[in-house]
Amino acid sequence: MLNKKRLSDKFLIYETNHAISVLEHCFTTQMKDIVQIMDEFVLSKKDILTKGGGKSLVSKRVDSFLYNRGWVEKEFDVRISVDGKEKEIPTHKVDCFKNRVALEVEWNNKEPFYDRDLNNFRLLHQLDAISVGVIFTRATELQAIFKKLGKGDSYGPSTTHHGKLLPKLKSGGAGGCPVLVIAIKPSCYKEK
């Protein structure tokens, strides 16, 4: 079970369309995996200072943790047929997928990645391929730590943080898909 009160010290937690209830009652294994990574998660100085080169250390750690528990990177093959003419509908690969739960890690991408993720969740939910979408990202308040470490420009205001995501969700960006947002707060940071 997601103990929001206990985990809210480390994470900003936001949901739409009862995402937590759906996870807790229909996808208990996936929810246990998500809660476990939240319990164990620590953000280090190395996580912030090391260049990603495609994937950041944070993304790699979350992905690896979930892959070791049976989650997979998943690309969906979506096609629509109209009057016998088939049309392929491209979707973006989901970072981590397990039994109808899709999880995306957005640590330091450009803001439009949120639009891509939410649109993907909306379409896949509408086509009954997923039941819940999860976005693991960072809280806007981490910017103070990035500036202190001299990385403020690398993690600029136009990159992925919850302050950019929540307005998109509140305006219906994911359609009817239940979405859980987990945003890393400064209290996760341990200078090692």
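See the structure above.
Counting restarts for each chain: residues are numbered from 1 in the order of the written sequence. Note on the predicted model: pLDDT of at least 70 is required for a residue's local features to be given, and 80 or more for side-chain atom pairs to be given and counted; whole-chain, interface and lining totals, by contrast, use all residues. The side-chain quantities take in all heavy atoms of the structure and omit both hydrogens and water.

### A short note on the nonpolar core
One finds Leu 43, Leu 103 and Ile 184 to be the most contacted residues of the largest nonpolar core, which totals 39 residues. Elements supplying a minimum of two residues to this core: strand 1 (11-16), helix 2 (19-26), helix 3 (28-40), helix 5 (57-67), strand 7 (101-105), strand 8 (132-138), helix 7 (143-148) and strand 9 (179-184). Secondary structure elements follow DSSP: runs of H or I of four or more residues count as helices, runs of E of two or more count as strands, with numbering from the N terminus. Take this core: its biggest share by element is five residues, from helix 3. For this analysis, residues touch if any pair of their heavy atoms sits within 4.5 Å. Discounting chain neighbours no more than four positions away, the residues touching Ile 184 are Lys 10, Phe 11, Phe 41, Leu 43, Val 58, Trp 107, Phe 136, Thr 137, Arg 138, Ala 139 and Leu 142. In this structure, Ile 89, Phe 121, Ala 174 and Val 179 belong to the second largest nonpolar core, which totals 20 residues. The definition of a nonpolar core used throughout is a set of buried Ala, Val, Leu, Ile, Met, Phe, Trp, Tyr and Cys residues joined through side-chain atoms within 4.5 Å. Relative accessibility thresholds used throughout: buried, under 20% of the residue-type maximum; exposed, over 50%; partly exposed, between the two (1.4 Å probe, protein chains only).

### Here we look at the sheet that holds strand 6 (residues 94-98)
The pairing criterion for strands is at least two bridges between them, as found by DSSP. Across the sheet, six strands lie side by side as 1-9-8-7-6-3; this open sheet has mixed pairing. On the outer flanks of this sheet lie strand 1 and strand 3 (72-74), each paired with one strand and no other. The average undirected angle you get between the axes of adjacent strands in this sheet is 25°. Inspection of the sheet shows strand 7 paired to strand 8 by five bridges, in the parallel sense. Looking at the pairing, Val 105 lines up with Phe 136 of strand 8. Packed onto the sheet, helix 2 meets strand 1, strand 7, strand 8 and strand 9 and runs at close to 90° relative to strand 1. Strand contacts of helix 3: strand 1, strand 6, strand 7, strand 8 and strand 9, with the helix running at about 130° to strand 6, the strand carrying the most contacts. Only the contacting stretch of a helix is used when fitting its axis, a line to C-alpha atoms as for every element, and angles between N-to-C directions run 0 to 180 degrees.

### Some remarks on the environment of Leu 57
Note on placement: Leu 57 falls in helix 5. C-alpha separation for the pair Leu 57 and Ser 154, spaced 97 residues apart in sequence, amounts to 15 Å.

### Considering the pairing of strand 7
Counted residue by residue, strand 7 has five buried out of five residues, so it is predominantly covered. Sheet analysis places strand 6 next to strand 7, joined by three bridges and oriented antiparallel. Paired with Lys 98 across the two strands is Val 101, which belongs to strand 7. Look down the strands so they point away from you; if the path from the first strand over the helix to the second goes clockwise, the crossover is right-handed. Following the backbone out of strand 7, through helix 6 (residues 112-126) and into the adjacent parallel strand 8, one traces a crossover that is right-handed.

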